[in-house]
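Observations on the three-dimensional arrangement
So the chains spell out like this:
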Amino acid sequence: MAASSPHNAQQAEAGRTPTLAVLVGIFMVTITPFVAGLVQGQTADWTRNLLYAIATGVLLFNVWRGSVWAWRLTVGFCMVAGLVVFVVGMLAGSVAWQGWVVSGAGLAYLLLGTALVGTAVIRAFLDSRWAARGRQLRGKA
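Just so we're clear, the structure is a prediction, and the values are computed from it rather than from any experiment.

In the numbering adopted here, UniProt assigns the feature "transmembrane region" (unreviewed entry) to residues 20-40, 46-64, 76-100 and 106-126. Across residues 106-126 one finds 95% helix and 0% strand; the C-alpha atoms that close the span lie 24 Å apart.

So this is what it looks like as structure tokens:
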């Protein structure tokens with residue numbers, strides 16, 4: 001099987017939908033506690049949580065646009081947050097069943113972050129975006 005590259009246009013185009021699904025998944029896992037708190041009437045930290053949601057959206061939008069640094073930050077945040085959330089959920093799971101749900105969120109972060117790195121069609125799509133963005137930035141200079 002050939003390695004993914006920005007020159008494989010067919011594989012890059014096939015990665016459009018999975019990439020969008022992974023980015024939306026990361027956003028949904030990130031904002032779920034905030035939305036759940038709002039539904040339960042917990043509005044004490046809504047401005048801070050709204051800023052976090054906006055910052056996450058901006059970061060993921062930059063990944064979609066083809067920013068390498070945004071991709072690296074996203075993968076790093078997914079790995080660190082996934083491990084921390086998983087461990088915290090495991091510790092809480094020994095006391096209450098809700099801790100297992102939190103552990104599931106940690107696993108979701110780990111899986112989604114890994115998908116950004118290890119799925120061939122997603123990497124081909126992102127490689128093509130990076131190449132296009134590099135050409136665009138070189139053209140402006």
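Having put the structure on the table, let's press on.
For the rest of this paragraph, the subject is the packing of aromatic side chains. Taken as a whole and assessed by the stated rule, the structure comprises two aromatic pairs. Ring plane angle 65° and centroid distance 5.1 Å describe the contact between Trp71 and Trp130, whose orientation is recorded as edge-to-face. Placement of Trp71 in helix H4 (residues 68-93) and of Trp130 in helix H6 (residues 120-140) is noted, with a sequence separation of 59 residues between them. The burial state of Trp71 is the same as that of Trp130; both residues are buried.

Time to look at the pattern of salt bridges. Scanning all chains against the criterion turns up three salt bridges. Between Arg16 and Glu13 there is a salt bridge, with its nearest N and O atoms 3.2 Å apart. Between Arg123 and Asp127 there is a salt bridge, with its nearest N and O atoms 3.7 Å apart. Separated by four residues within a single helix, Arg123 and Asp127 lie in helix H6, roughly one turn from each other.

As a rule of thumb, nonpolar side chains are buried together in soluble globular proteins. One finds Val22, Ile26, Trp71, Leu116 and Leu126 to be the most contacted residues of the largest nonpolar core, which totals 20 residues. Looking at this core, the elements with two or more residues in it are helix H2 (16-39), helix H3 (46-65), H4, helix H5 (98-118) and H6. Beyond its immediate sequence surroundings of up to four residues, Val22 is in contact with Leu112, Ala115, Leu116 and Ile122.

Attention shifts here to the environment of Val75. Residue placement: Val75 occurs in helix H4. Each C-alpha atom, one on Val75 and one on Asn49, is 21 Å from the other, the two residues being 26 residues apart in sequence.

Counting along an α-helix, one turn takes 3.6 residues, and residues three or four places apart therefore face a common direction. Between the first and last C-alpha of H5 there are 30 Å, a value that for 21 residues agrees with the 30 Å anticipated at 1.5 Å per step. Residues Gly99, Ser103, Gly106, Tyr109, Leu110, Leu112, Gly113, Ala115 and Leu116 constitute the buried set of H5. Residues of H5 that are buried sit in contact with H2, H4 and H6.

We now examine a nonpolar patch on the surface. A cluster of nonpolar side chains, namely Leu38, Trp46, Leu50, Leu51, Ile54 and Val58, defines an oily patch on the protein surface of about 560 Å² accessible area. Broken down by element, the residue count for the nonpolar patch peaks at five residues, all from H3.

Right, let's get into the environment of Val85. Considering the arrangement of structural elements, one finds Val85 in helix H4. Taking the relative accessible area as the measure of exposure, Val85 reaches 23% and is therefore partly exposed. Along the chain, Val85 and Gln136 lie 51 residues apart, while their C-alpha atoms are 38 Å from each other. Apart from residues no more than four positions distant in its own chain, Val85 is found in contact with Val102, Ser103, Ala105 and Gly106.

Criteria and cut-off values
Residues numbered from 1 in each chain as written. Predicted model: local features only at pLDDT ≥ 70, side-chain atom pairs only at ≥ 80, totals over all residues. Heavy atoms only, no water. UniProt positions renumbered as here; feature names shortened; annotations may be inferred. Helix = DSSP H or I, 4+ residues; strand = E, 2+ residues; numbered from the N terminus. Phe/Tyr/Trp six-rings, centres within 6.5 Å; stacked < 30°, edge-to-face > 60°. Buried < 20%, exposed > 50% of the residue type's maximum accessible area, 1.4 Å probe, protein only. Salt bridge = Lys/Arg side-chain N within 4 Å of Asp/Glu carboxyl O. Core = buried A, V, L, I, M, F, W, Y, C linked by side-chain atoms within 4.5 Å. Contact = heavy atoms within 4.5 Å. Expected span 1.5 Å × (residues − 1). Patch = residues over 30% accessible without salt bridge, like charges linked within 9 Å, V, L, I, M, F, W, Y side chains within 5 Å. Areas by Shrake-Rupley, 256 points an atom, 1.4 Å probe, with all protein chains shown as cover.

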